Amino acid sequence: MPKPGYIYVVYIQAPCEKVWDALIDPEMTKDYWGRHRNSSDWKAGSRWQHEDYDDASQVAVAGMVIENDRPHRLVLSWARPESLDDPDKVSKVTFTIEEQFGSTKLTVVHSELDNEMLRGIGAGWPAILSSLKTMLETGASLPMTRRRWKSGN
Amino acid sequence: MSKPEFVYTTYIETTAEKLWHALTDGDFTERYWFGHRVASEWKVGGPYQFTKQGKPSVEGEVLESDQPRRLAYTWDACSADASRERSSRVTFDLEARGNVIKLTVTHDNLDEGGKILRDISGGWPMVIASLKGLLESGRVLDIDPTAAADKEKACA
């Protein structure tokens, strides 16, 4: 049976490059992604991790950079750090960034999920991506996403 | 097997009353809903209708009207190829989260693989992005959804 997937689409009034940079710039992610940062050299094949902005030893998610085609496509593998070696527990996130009529369409596909992760991210992505849109359009993110969550994402 | 449904959640920096007004006021919907004006008294059992440049686009019956928490209506698209499908249903749930409103749009009772499912899966993220933009920054999304749908078809 295929593993469940999740998709979220958001339109943002900002250039593709700006949306791309917001996904990996710690000074931006800390404000809309629960005071976390995504750290990597972002080369295909490199490791990346989603860690606490103030304490990099607190790693919530880790994986590999599968594809990096700035500013249109970023593909990451995605797992709890302790589950990185268990293929059943490693999911995949694909960010697709396209220009549409002067706006940017950001599509996040989170695939190959196990049920536990599906429950967690189903609540997480809409909040994070809504706040990203607000931040890029108004200059300030949604207050609830500036704080740490109880769980990782 | 369960019938298909489309669920879209977003968070908007506004009040529930303002968001309710934005969903139910024709002057407001015309601005962010790509020219579609809604008209209704929003009484349960009564009718509502969207029109664009005077021509009906979507219509139906108000199923729930619990201001400012929950609005539900049946959904009949007024186009020749959609009219063969039965009525679907749209529900808006508004929940306060501090100074932010969590808006969940659920579109269900859809025909499997039908035209309406295809149209609304692409359409709701545009409408909601435009609504959120108007309430938060005064800027709507400058997209013509008909042209966007044609473009997606061309890419497929």
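Report on the accompanying structure.

The rules behind the values
- Residues numbered from 1 in each chain as written.
- Chains lettered and ligands numbered in written order.
- Predicted model: local features only at pLDDT ≥ 70, side-chain atom pairs only at ≥ 80, totals over all residues.
- Heavy atoms only, no water.
- Helix = DSSP H or I, 4+ residues; strand = E, 2+ residues; numbered from the N terminus.
- Buried < 20%, exposed > 50% of the residue type's maximum accessible area, 1.4 Å probe, protein only.
- Contact = heavy atoms within 4.5 Å.
- Areas by Shrake-Rupley, 256 points an atom, 1.4 Å probe, with all protein chains shown as cover.
- Pairing = 2+ DSSP bridges.
- Axes fitted to C-alpha atoms, helices over the stretch in contact; angles between N-to-C directions.
- Salt bridge = Lys/Arg side-chain N within 4 Å of Asp/Glu carboxyl O.
- Polar contact = N/O pair within 3.5 Å; in protein donor to acceptor, adjacent residues only side chain to side chain.
- Buried area = accessible area lost by both parts, 1.4 Å probe.
- Nonpolar A, V, L, I, M, F, W, Y, C, P; charged D, E, K, R; others polar.

What to know about the overall build of chain B
Here is step 1 of the chain: For chain B, the count of helices and strands is four helices and seven strands.
Here is step 2 of the chain: Counting from the amino terminus, chain B carries its helices and strands in the arrangement β-α-α-β-β-β-β-β-β-α-α.
Here is step 3 of the chain: Burial status across chain B gives 49% buried among its 156 residues.
Here is step 4 of the chain: For chain B, contacts bridging at least 24 residues in sequence account for 44% of all contacts bridging at least 6.
Here is step 5 of the chain: Total accessible area on chain B stands at roughly 7,800 Å², and carbon and sulfur atoms take up 48% of it.

Description of the sheet that holds strand S5 (residues 70-77) of chain B
Residue and element names in this part refer to chain B.
Here is step 1 of the chain: Ordered by their spatial adjacency, seven strands build an open sheet running S1-S7-S6-S5-S4-S3-S2, and the pairing between neighbours is antiparallel. At either end of the open sheet lies a strand with only one pairing partner, and these are strand S1 (6-12) and strand S2 (36-40). Across the sheet, the mean angle from the axis of one strand to that of its neighbour is 25°, orientation sign disregarded.
Here is step 2 of the chain: By the bridge criterion, five bridges tie S2 to strand S3 (residues 47-52) in an arrangement that is antiparallel. Pairing of Val 38 across the sheet is with Phe 50, part of S3.
Here is step 3 of the chain: Packing against the sheet, helix H1 (residues 16-24) makes contact with S1, S2, strand S4 (55-66), S5, strand S6 (88-97) and strand S7 (100-108), and its axis sits at approximately 160° to S6.
Here is step 4 of the chain: Across the face of the sheet, helix H3 (residues 115-137) comes into contact with S1, S5, S6 and S7 while running at roughly 10° to S1.

Here we look at the pattern of salt bridges
Here is step 1 of the chain: One pass over the structure, following the stated rule, counts 19 salt bridges over all chains.
Here is step 2 of the chain: Glu41(B) is paired through a salt bridge with Lys43(B); the nearest N and O atoms lie 3.4 Å apart.
Here is step 3 of the chain: Connected through shared salt-bridge partners, Arg35(A), Asp52(A), Asp54(A) and Arg148(A) make up one network.

Things to note about the environment of Phe50(B)
Residues and elements named next belong to chain B.
Here is step 1 of the chain: Within the fold, Phe 50 resides in strand S3.
Here is step 2 of the chain: With relative accessibility at 2%, the residue Phe 50 sits in the buried group.
Here is step 3 of the chain: Taking the C-alpha atoms as reference points, Phe 50 and Asp 76, 26 residues apart in sequence, are found 10 Å from one another.
Here is step 4 of the chain: In contact with Phe 50, not counting residues within four places along its chain, are Thr 29, Trp 33, His 36, Arg 37, Val 38, Lys 55, Pro 56, Ser 57, Val 58 and Tyr 73.

Some words on the environment of Asp76(B)
Residues and elements named next belong to chain B.
Here is step 1 of the chain: Take Asp 76: it is sitting in strand S5.
Here is step 2 of the chain: When the C-alpha atoms of Asp 76 and Thr 29 are compared, they prove to be 18 Å apart, with 47 residues separating the residues in sequence.
Here is step 3 of the chain: In this view, Asp 76 contacts Ser 57, Val 58, Glu 59, Gly 60, Arg 86 and Ser 87; residues no more than four positions away in its chain are not counted.
Here is step 4 of the chain: Side chain to side chain, Asp 76 and Ser 87 meet in a polar contact 2.8 Å long.

Digging into the interface of chain A and chain B
Here is step 1 of the chain: Counting residues at the interface gives 21 residues for chain A and 23 residues for chain B.
Here is step 2 of the chain: Between chain A and chain B, the buried area comes to about 1,900 Å², and carbon and sulfur atoms account for 58% of it.
Here is step 3 of the chain: Interface area lost by chain A to chain B is led by Tyr11(A), Gln13(A) and Phe101(A), which between them contribute 33%.
Here is step 4 of the chain: The interface formed by chain A and chain B includes zero salt bridges.
Here is step 5 of the chain: On the surface where chain A and chain B come into contact, there are eleven residue pairs in polar contact (both at pLDDT 80 or more).
Here is step 6 of the chain: In terms of residue class, the side of chain A that touches chain B is built from eleven nonpolar, six polar and four charged.

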